[in-house]
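Each chain is listed here by its residues.
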Amino acid sequence: MTAAPEGDLDPEPELGWVQAEVRHEFPELRLLWVALAARPGPSPPAVSDRLRMLSDRFHGAQAIAMRQDPIPSAYRIFFRHIGLDPDETRTPLEAAAVERLVQGGFRSQNLVDDALLIALTETGVPVWALDADRLDGPLGIRQAHAGEGLGQGAAATPLPAGRLVVADAESALAIVFEAPALGYGVTPDTTRMALFAIQVAGVPAIHVEEALWTAVSVLDPGSAAEA
Amino acid sequence: MSPIDQSRLIELTPNRLGGPTRVKPRRDAPSTGAEDDARRELRAQVARLERELSRCFVSGFPRAGLDVSVPAAGGPRLLGLGELERLRDELSERLRAARRALALRGAQQERNRVLLERMLLEPGRYKFLQIPSSDLGEGGCGVWRVRPRFGLIGMLAGWWQVKLSSGCPLPRGGRPARPPEP
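Please read all numbers here as calculations on a predicted model, not as lab measurements. (Residues numbered from 1 in each chain as written. Chains lettered and ligands numbered in written order. Predicted model: local features only at pLDDT ≥ 70, side-chain atom pairs only at ≥ 80, totals over all residues.)

Enquirer: It is not clear to me how the overall build of chain A should be interpreted in this structure. Could you clarify?
Expert: The number of helices and strands found in chain A is eight helices and 10 strands. In terms of C-alpha radius of gyration, chain A reaches 17 Å, essentially the compact-globule figure of 17 Å for 227 residues. Per-residue burial for chain A yields a buried fraction of 48% across its 227 residues. Put simply, of all contacts in chain A between residues at least 6 apart along the chain, 71% involve residues at least 24 apart. (Helix = DSSP H or I, 4+ residues; strand = E, 2+ residues; numbered from the N terminus. Rg over C-alpha atoms; globule rule 2.2 N^0.38 Å. Buried ≥ 20, exposed ≤ 12 C-beta atoms within 10 Å, placed from the backbone. Contact = placed C-beta atoms within 7 Å.)

Printed below as a string of C-alpha cells:
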C-alpha cells in the first residue's frame, strides 16, 4: 500500500473522484478531502468549552425543526435518493442533535471526534477522519464491486455489490455516511489524517469547505491560521 | 445502474402538487435518455415529497403523532426505476395520511375552541366539563375547567365559573412525604 504523498499535507481541500455511473445519477455529488499532519489525543480545554457553548445552540424544538433547514433537508433528500430512510438512519446532524438531547449536552471525547462534531454542528456538513498513511491515492465515491470486502484482514466484512462506498485507489474505506472501516480510521498511532466531507445537491460548496476548515482549525490550529 | 427492462417503459406526467405521477406502460422501445428523464423526474418528486412531509411533521409535532417514516431495505445504493417509483408512491401515501391527520386534528381543535367559547359564556350549562389546552392546539399543560364558585355553596347556588389550571407539574414532583415519626 502506498501512503498519500507528503505533498498532500496542505489544508487546501482537494476534489475527490466520483465513479461515472454514480456521477451520472447524482451530478452534484462531490467528495472533498484534505490531508494534514495531526495526532489524536485528549481535547484541550478550549475545545471542550467550545463544545459546551455549541450545546446551548441545540434545543428540543430546534432538533425537530432542523429537518426543514436547507442543509439538513438536502441530506435527508439524498438519503431518500440512495435508499435510506432518514427517520431510521438519521442524517449526521440530526443524529448529533438527538445525542445532545439524550446526554444533555455534547460530551467531549477526544480531539478528533470533538473536531468532527464541531465542524458538523457549526456547518451542518458531516466530516469523517481517516489515517492518511493507510490510504492509497486520492479518495472518491463508487459502488462496491462484487465480492469486495470492507475493512482489513480478518475483520473485513463482505459488501453487497453496488453499495455506495468511499474508497481510495485500492479499497473501500467506508460505506457512505458511516464511520470508516476497521483499519482505516484514526488510531493512537496516527500522525497524518485525511478528513473528507460529502457534498450533495442543495449544499453550497462553501459550507463543505467551511466544515473541513473548521475541523482542520481544531485539529491543527497552526495550519488553519496560516491558511 | 440496473439494465433497462423493456417491458417497463414509462411515460411520466409531472404532477403540479408533487403527488404520484401517472405511469403508463408503453410498447415502443425506450432510449436511455427517456429512462434518465424518468429517474430525474422521480428524484425531483421524491425531494418535493420529502420537503412536504418534513413540513407536515414539524407543524404537527408533537401532538399529531404523524408517522412520516418510509421504511427502506438495504444500505446506500443507486435505486432502480422501480424502487424510485415505489419510494415516491409510499412517500405520497404518507403525505396524504399526514395531511388527513392534520386536517382532522385541526377540525377537532376548532370544535374545542367553539366549545370553550360557549363554556365561558354559559358555564352553568357545562358543569365540570374540562378541556386541556393541548386539545385547543396550544402548548403547555393547562386545563380549562368549569367549577363551582366557593365549592359546595356555589354548586348549590348555581354559581359556576371557568378556571384555567396553573400549568405543568414541577419537574421535582410534589412535596415530599413527611418521614414517618419514630
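Enquirer: How should I be thinking about the overall build of chain B in this particular structure?
Expert: Counting its regular elements, chain B contains three helices and five strands. Counting every position in chain B, which comprises 182 residues, the buried fraction comes to 22%.

Enquirer: Mind showing me how you'd approach the interface of chain A and chain B here?
Expert: Accessible area lost during the coming together of the parts is what is often quoted as the interface size. With 25 residues of chain A at the interface, the matching set in chain B holds 23 residues. Secondary structure elements with two or more residues in the side of chain A that touches chain B: helix H1 (20–25), helix H3 (60–65) and helix H4 (70–81) of chain A. Taken together, the residues of the side of chain A that touches chain B break down into 10 nonpolar, six polar and nine charged. (Nonpolar A, V, L, I, M, F, W, Y, C, P; charged D, E, K, R; others polar.)

Enquirer: Before we go on, may I ask you to explain the packing of helix H2 (residues 45–55) of chain A against helix H6 (residues 111–123) of chain A in this structure?
Expert: Packed helices, taken two at a time, are described by the angle their axes make and the gap between the axes. Residues and elements named next belong to chain A. Axis separation between H2 and H6 bottoms out at 10 Å; the angle between their running directions is 35°. The way H2 lies across H6 gives a crossing that is left-handed. Contact with H2, carried on its side by Val47, Arg50, Leu51 and Leu54, involves Leu111, Asp114, Leu117, Ile118 and Thr121 of H6 and no other residues of that element. Looking at side-chain class alone, the contact of H2 with H6 contains six nonpolar, one polar and two charged residues. (Axes fitted to C-alpha atoms, helices over the stretch in contact; angles between N-to-C directions. Left-handed = near helix turned anticlockwise from the far one by under 90°.)

Enquirer: What is the right way to read the nonpolar core from this model?
Expert: Side chains of a nonpolar character, in soluble globular proteins, are inclined to be buried together. In terms of nonpolar packing, the biggest core is built from 93 residues, with Val127, Leu195, Leu212 and Ala215 of chain A touching the most fellow members. If we ignore the near neighbours within four places in the chain, the residues touching Leu212 of chain A are Pro13, Leu32, Val34, Val127, Leu195 and Ala197 of chain A. (Core = buried A, V, L, I, M, F, W, Y, C linked by C-beta atoms within 7 Å.)

Enquirer: Whenever I open this one, H6 of chain A confuses me. Can you help?
Expert: Owing to its 3.6 residues per turn, the α-helix aligns residues three or four sequence positions apart on the same side. Residues and elements named next belong to chain A. For H6, built from 13 residues, the straight-helix expectation of 18 Å at 1.5 Å per residue is met to within 8% by its first-to-last C-alpha distance of 18 Å. The buried fraction of H6 amounts to 11 of the 13 residues, a majority that puts the element mostly inside the structure. The positive-phi residue at the C-terminal boundary of H6 is Gly124, with phi of around 85°. (Expected span 1.5 Å × (residues − 1).)

Enquirer: Could you clarify how one ought to interpret the packing of helix H1 (residues 32–60) of chain B against helix H2 (residues 81–121) of chain B in this entry?
Expert: Residue and element names in this part refer to chain B. The interhelical angle for the contact between H1 and H2, taken along N-to-C directions, is 25°, at an axis separation of 9 Å. Of the possible angle classes, the one that applies to H1 and H2 is roughly parallel. Crossing angle aside, the handedness with which H1 passes H2 is left-handed. Taken together, the residues of the contact of H1 with H2 sort by class into 13 nonpolar, four polar and 10 charged. (Parallel < 35°, antiparallel > 145°, perpendicular 65-115°, else oblique.)

Enquirer: When you look at the pairing of strand S3 (residues 30–37) of chain A in this model, what are you seeing that I'm missing?
Expert: Within a regular strand, side chains alternate between the sheet's two faces. Residues and elements named next belong to chain A. Extensive coverage of S3 is indicated by the burial of seven of its eight residues. As defined by bridge partners, S3 adjoins strand S10 (residues 192–199) across eight bridges and the pair is classed as antiparallel. The partner of Leu32 across the bridge, within S10, is Ala197. (Pairing = 2+ DSSP bridges.)

Enquirer: Is there a simple way to explain the confidence of the model for chain A in this structure?
Expert: In regions of low pLDDT, the predicted coordinates are not meant to be interpreted in detail. All names here are of chain A. For chain A, per-residue confidence averages 90 on the pLDDT scale, and 93% of positions sit at 70 or higher. Within chain A, helix H8 (residues 221–226) has the poorest average pLDDT of any element, 60, and strand S5 (residues 140–143) the best, 97. Taken as a whole, residues 1–9 scores under 50 in pLDDT and shows 15 contacts with residues more than four places along the chain or in a different chain. (pLDDT = per-residue confidence, 0-100.)

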